[in-house]
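Chains, contacts and geometry: an overview
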Amino acid sequence: MAIPLTAVVLLTAALLLSVELVDGHTFSSRLIHGFSDEAMSFWASKGKNLTLPKHQSVEHMRLLLSNDLKRQRLKLGSQKQLLFPSEGSETHFYGNDLSWLHYVWIDIGTPNMSFLVALDAGSDLLWVPCNCVQCAPLSSSYYSMLDKDLNEYSPARSSTSKHLSCSHELCELGPNCQNPKERCPYTVNYYSENTSSSGFLFEDQVHLTSVGGHEHQGSVRAPIVIGCGSKQSGSYLNGAAPDGVMGLGPGEISVPSLLAKSGFVPRSFSLCFGKSNSGTIFFGDQGPENQRQSSFVSLDGKYNTYVVEVQHYCVGGTCPKQSGFQALVDSGSSFTYLPSGIFTKVATEFEEQMNATRLATEDFPYCYKASSRGLPNIPSMKLMLAANQSFVIQNPTFTISNGQGDNFYCVGILPIDGMIGIIGQNLMEGYRMVFDWENMKLGWSRSKCQDIGGSAKVPPTPPPSGLTSNPLPTTEQQRSPGGHAVAPAIAGKATLEPSAASLHPVSWHYTMSSLLLPLVPWLPYLI
């Protein structure tokens, strides 16, 4: 006698499938409509109370149409369509003038306004200065490298802007609101120098350009969530990200996640850090077929940031034993950090292979002066990631000057408390780094950071007359506690000075910033 096995699957059709297996057992699957009363009861039993429009109402049909359009965009996205900011795919690096972070120009709102935002794969939220009470200076006269003023976002001046209510599922502080219809507040606290950003969350549109697939290059207006940052403090008032931060993390509120949820592109993006202090950013990029790749792993049992498993850190031809660790891949970190025990092993091996005099500075313990014969003989380095994937470090050092014509070469790798390391910008130089959350893979391939398929600036197009902006692809509902928090970032400044133990007293004039890092429990050393 056949034994029935029943499974309930929520789809947009009502069918009953029955399959007889070889051993005589029968597997049956009941498919029910995703918007039906039975589906709502199912989600309610899981603690999710969804609010949907009345059956066969105009709102109900619009919801079905929106779902169809999303599915069509997903199919287009599978044809290798990429998106990049309408101002161009090029990223910019201004050195110490803007705290050693990488930036990109993005256009937001209707009419569009341009913002120079710092790129940070270690956090989720996109915020910009807005209705400023306390913001960084925005005049170009404060920044020698800029030829135009920075902008301040005003929701009232954008016809496509609307506030995010406290009842929205992306409102992290919703449970603290007195009324679910109130504007959703946000506060992002940073570890460095009492740094923070706070204000309210809004929905608006970001202007992008599409390239690849079956379409010619054209403009795209995509719905996103923006932090209207009316009050900044600490490092955000002192040169770091004066015009805002674009969080590129895997959280639901990040730009890559919202673009994927809207069906424009896969949940993936690439960053390329070129040797000429510029690079590129592409949304939907899943990398070339011949790229190396390694799987993302969980952190404390949760998949909420870009973490990979490093099995060995190799110096020259030597891979010290027990030199493995988990590492956060963070574009907002200027340097790379190893757990202190691993750092000691790697540094010891590095020092044994170097043939130069070391100068210990307060911030960087492994610096070397160039000899009359030129550069010191710097040992090669590479990370061995899971599945025996090698990540060759193309340039582990950076150059500093003492103001007297002497150049020094410092290793941009430092120790960190705890067991989690950080792979920063300096190790990513010369690579096209692919953060593919859809396939849970980190990909990398050598690149000169040239544009993919052409990425000329395309002027943003205004919305058609009489049409409203595309809504966020989320369900507005009463927020239940326990949701995923927006991962904030950290930014700060540190002055590079010689320590008392320096072999040679040097008057350093070189100033370097700290990094953007996610606020996570394993970084107590920054408190």
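The structure we're discussing is the one just above.
Quick look at the structure, then. (Residues numbered from 1 in each chain as written. Predicted model: local features only at pLDDT ≥ 70, side-chain atom pairs only at ≥ 80, totals over all residues. Heavy atoms only, no water.)

Turning our attention to empty space enclosed by the protein. In the structure shown here, the tally under the stated rule is three cavities of 30 Å³ or more. One number sums up the size of the largest cavity: a volume of about 70 Å³. The wall of the largest cavity is formed by Y313, F343, V346, A347, F350, Y366, M381, V411 and I413. Of the residues forming the lining of the largest cavity, the biggest block, four residues, is contributed by helix α4 (residues 340-353). Split into classes, the residues belonging to the lining of the largest cavity amount to nine nonpolar, no polar and no charged. (1 Å grid on protein atoms, 1.4 Å probe; cavity = no way out; pocket = protein on both sides within 12 Å on 5 of 7 lines; lining within 4 Å. Points joined across faces, edges and corners; volume = space filled by probe spheres on them. Helix = DSSP H or I, 4+ residues; strand = E, 2+ residues; numbered from the N terminus. Nonpolar A, V, L, I, M, F, W, Y, C, P; charged D, E, K, R; others polar.)

This brings us to the pairing of strand β17 (residues 307-315). In the sheet, β17 pairs with strand β18 (residues 325-329) via four bridges, with the strands oriented antiparallel. Residue pairing for β18: V308 is matched across the bridge by A327. With five bridges joining them, β17 and strand β22 (residues 381-385) adopt antiparallel strand pairing. The residue bridging Y313 from the neighbouring strand is L383, located in β22. (Pairing = 2+ DSSP bridges.)

Every other side chain in a regular strand lies on the same face of the sheet, so the side chains alternate between the two faces. Burial runs high along β18: five of the five residues are buried. Neither face of β18 is exposed, since F325, A327 and V329 on one face and Q326 and L328 on the opposite face are all buried. Pairing geometry for β18 and strand β27 (residues 420-423), over four bridges, is parallel. Note that in β27 the partner of V329 across the bridge is I423. (Buried < 20%, exposed > 50% of the residue type's maximum accessible area, 1.4 Å probe, protein only.)

Tracing the backbone shows G251 in the loop between β13 (245-247) and α3 (255-261). Between the C-alpha atom of G251 and that of L170, which follows or precedes it by 81 residues, the distance is 10.0 Å.

This brings us to unusual backbone geometry. Of note, the bond from T110 into P111 is cis; its omega dihedral lies within 30 degrees of zero at 0 degrees. Mapped onto the fold, P111 is located in the loop between β6 (102-108) and β7 (113-120). Not every positive phi belongs to a glycine, and D300 is a case in point at roughly 55 degrees. As for its placement among the helices and strands, D300 is situated in the loop between β16 (292-295) and β17. Its relative accessible area of 66% is what places D300 among the exposed residues.

With the rule as written, the count across this model stands at four salt bridges. In this structure, the salt-bridge partner of E252 is R267, at a minimum N-O distance of 3.4 Å. In this pair, E252 sits in the loop between β13 and α3 while R267 sits in the loop between α3 and β14 (268-273), placing the two residues 15 residues apart along the sequence. Measuring nitrogen to oxygen at the nearest pair gives 3.6 Å for the salt bridge that ties R358 to E351. (Salt bridge = Lys/Arg side-chain N within 4 Å of Asp/Glu carboxyl O.)

Where two aromatic rings form a pair, the distance of their centres and the angle of their planes describe that pair. A full pass over the atoms with the stated rule returns 18 aromatic pairs. Aromatic pair F343 and Y366: ring centres 6.2 Å apart, planes at 65 degrees, arrangement edge-to-face. In this pair, F343 is assigned in helix α4 and Y366 in the loop between β20 (358-359) and β21 (367-369), connecting sequence segments 23 residues apart. Residue F343 shares its accessibility class with Y366, and that shared class is buried. Through a chain of ring-to-ring contacts, the aromatic side chains of F269, F296, Y306, F435 and W437 assemble into a single cluster. We note R183 situated over the ring of F200; from NZ or CZ to the ring centre the distance is 3.9 Å. When the ring centre of Y366 is taken as reference, the NZ or CZ atom of R358 above it lies at 4.4 Å. (Phe/Tyr/Trp six-rings, centres within 6.5 Å; stacked < 30°, edge-to-face > 60°. Lys NZ or Arg CZ within 6 Å of the ring centre and 35° of its normal.)

Turning to the state of the cysteines, a few remarks are in order. Taken as a whole, this structure holds seven disulfides when the rule is applied. Put simply, C132 and C135 are joined by a disulfide, and their sulfur atoms are 2.2 Å apart. Disulfide C132-C135: the torsion about the S-S bond is -95 degrees, which places it as left-handed. Accessibility expressed as a relative area gives 28% for C132, which makes it partly exposed. Paired through a disulfide, C272 and C449 show a sulfur-sulfur distance of 2.0 Å. On the sign convention where negative means left-handed, the S-S torsion of about -80 degrees between C272 and C449 marks this disulfide as left-handed. Of this pair, C272 sits in strand β14 while C449 sits in the loop between β29 (441-446) and β30 (493-495); the two residues are 177 residues apart in sequence, bridging distant segments of the chain. Residue classification places C272 among the buried positions, given a relative accessible area of 3%. (Disulfide = S-S within 2.5 Å.)

Turning our attention to the nonpolar core. Counting residues in each nonpolar core, the largest one holds 93 residues, and the members touching the most others are L126, F283 and Y313. Top contributing element to this core by residue count: strand β12 (residues 218-233), with six residues. Excluding its chain neighbours within four sequence positions, the residues that come into contact with L126 are I106, I108, V117, I224, V225, I226, G227, V245, M246, G247 and V255. Of all hydrophobic cores here, the second largest spans twelve residues; its members include C367, F398, F408 and L414. (Core = buried A, V, L, I, M, F, W, Y, C linked by side-chain atoms within 4.5 Å. Contact = heavy atoms within 4.5 Å.)

The next thing to look at is the sheet that holds β20. The strands making up a sheet are joined through hydrogen bonds of the backbone, oriented either antiparallel or parallel. Overall, antiparallel pairing links the four strands, which are arranged β20-β21-β25-β24 in an open sheet. One side of each edge strand has no neighbouring strand; the edge strands of this open sheet are β20 and β24 (397-401).

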